[in-house]
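Report on the structure
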Amino acid sequence: MKKSTFSLFLLFAFGLLAFKSDKPAYMLYNKNGKSVKFKKLVKEAAAADVVLFGELHNNPICHWLQLELTQALYEQKGDALVLGAEMYEADNQLIVDEYTQQLISAKNFKDQARLWPNNATDYQPLLDFARENSLKFVAANIPRRYASIVFKKGFESLDELPAEAANYMAPNPIPYDPELASYQSMMGMMGHMNENLPKAQAVKDAAMAYFILENLNEGQLMLHFNGTFHSDNFEGIVWYLNQYRPGLKLLTISSQETADPEISDSLDLNKADFILAIPELMTKTH
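The paragraphs below set out a description of the structure included in this document. (Residues numbered from 1 in each chain as written. Predicted model: local features only at pLDDT ≥ 70, side-chain atom pairs only at ≥ 80, totals over all residues. Heavy atoms only, no water.)

As for the overall build of the protein
- Counting its secondary structure elements, the protein contains 10 helices and eight strands.
- Principal-axis analysis of the C-alpha atoms gives the protein an extent of 85 × 45 × 35 Å.
- For the protein, buried positions account for 51% of its 286 residues.
- Considering only intrachain contacts with a sequence separation of at least 6, the fraction spanning at least 24 residues in the protein is 72%.
- Element-wise, carbon and sulfur atoms account for 55% of the exposed surface of the protein, whose accessible area totals about 14,400 Å².
- Computed over 26 positive and 35 negative side-chain charges, the inter-centroid distance for the protein is 8 Å. (Helix = DSSP H or I, 4+ residues; strand = E, 2+ residues; numbered from the N terminus. Buried < 20%, exposed > 50% of the residue type's maximum accessible area, 1.4 Å probe, protein only. Contact = heavy atoms within 4.5 Å. Areas by Shrake-Rupley, 256 points an atom, 1.4 Å probe, with all protein chains shown as cover. Lys, Arg positive; Asp, Glu negative; His and termini not counted. Charge placed at Lys NZ, Arg CZ, Asp CG, Glu CD.)

With respect to the pairing of strand E3 (residues 50-55)
- E3 sits mainly inside the fold: six of its six residues count as buried.
- Residues Val50, Leu52 and Gly54 of E3 are buried on one face, and the alternating residues Val51, Phe53 and Glu55, pointing to the opposite face, are buried as well.
- Bridge count between E3 and strand E6 (residues 221-227): six bridges; the pairing is parallel. Residue Gly54 lies in a different strand from E6, and its bridge partner there is Asn226.
- Inspection of the sheet shows E3 paired to strand E7 (residues 250-258) by five bridges, in the parallel sense. Note that in E7 the partner of Leu52 across the bridge is Thr252. (Pairing = 2+ DSSP bridges.)

Description of the sheet that holds E6
- Read across the sheet, eight strands follow the order E2-E1-E8-E7-E3-E6-E4-E5 without closing on themselves; strand pairing throughout is mixed. Looking at which strands have only one partner, the edges of the open sheet turn out to be strand E2 (35-36) and strand E5 (137-141).
- Relative to strand E8 (residues 274-279), E7 is paired through six bridges, and the arrangement is parallel. Bridge pairing links Ile253 to Phe274 in E8.
- Packed onto the sheet, helix H6 (residues 119-132) meets E3, strand E4 (81-89), E5 and E6 and runs at close to 145 degrees relative to E4. (Axes fitted to C-alpha atoms, helices over the stretch in contact; angles between N-to-C directions.)

Let's talk about the nonpolar core
- Among the nonpolar cores identified, the biggest contains 45 residues, and Leu73, Tyr88, Phe109, Phe137, Ile253 and Leu276 are the most heavily contacted of them.
- Of the residues forming this core, the biggest block, six residues, is contributed by helix H3 (residues 60-77).
- For Ile253, the residues in contact, after removing those within four places along its chain, are Leu41, Val51, Leu52, Phe53, Gly54, Leu69, Thr228, Ser231, Ala272, Phe274 and Leu276.
- Within the second largest apolar cluster, 39 residues are counted, among which are Val150, Met186, Ala202 and Ile212. (Core = buried A, V, L, I, M, F, W, Y, C linked by side-chain atoms within 4.5 Å.)

This is the structure:
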């Protein structure tokens, strides 16, 4: 073997070794366990009516990829893209609109909206993207005070609220299936026996589904950000979307932490259309 050829062979061999020793920050899989590229996710998401990006709230890879997906879908859909999120509550929609329409400053928004502790690093970039590109951003969640009431006193407590409160939640009575696996699992968490716990979750799921649909017109794509539990197993928000408007083309993403993202056997592939696998040692945002 000539020296030059041998040198090229060594470079190629070392390149393969380096590639194999890389530690990917994430891997994407479809529900069949096949590794897929980000562009595959973008292509399928662009063809949907609603995309539910199930995140791990404190995971930086989730938040980075949410912004990447937003940008990629905007390139294809333009102003037909609508954004929405669990992290902003329906009674703050006016403030969100004022901010995205550049009517109020970032300081005013921060001072007057009820923001999550990690808003500045994790969700503000999404809101700013909407502001910069004149996109609608839906504050989709029920106000937490109403979910708290349901947790304490059940769905019946919603009837006691002032009439104006109905503007910030799904129409009452709210459909509810206590046999859904996601709600059943909540009852077993830490031996929790309060039957209202999954109802408080359901009232959030119902509100997010309702406000997604209230802000989704024909030809538009809603990209919604929520905790992965709200859309895993094609339940939660998905169940309510199918109750309120059957026939929509839905796509779900489940975020899962695992010891080795390159091994799909370590994942629950039945939870969503796409699985975002992230190293369990990934740093947290809060």
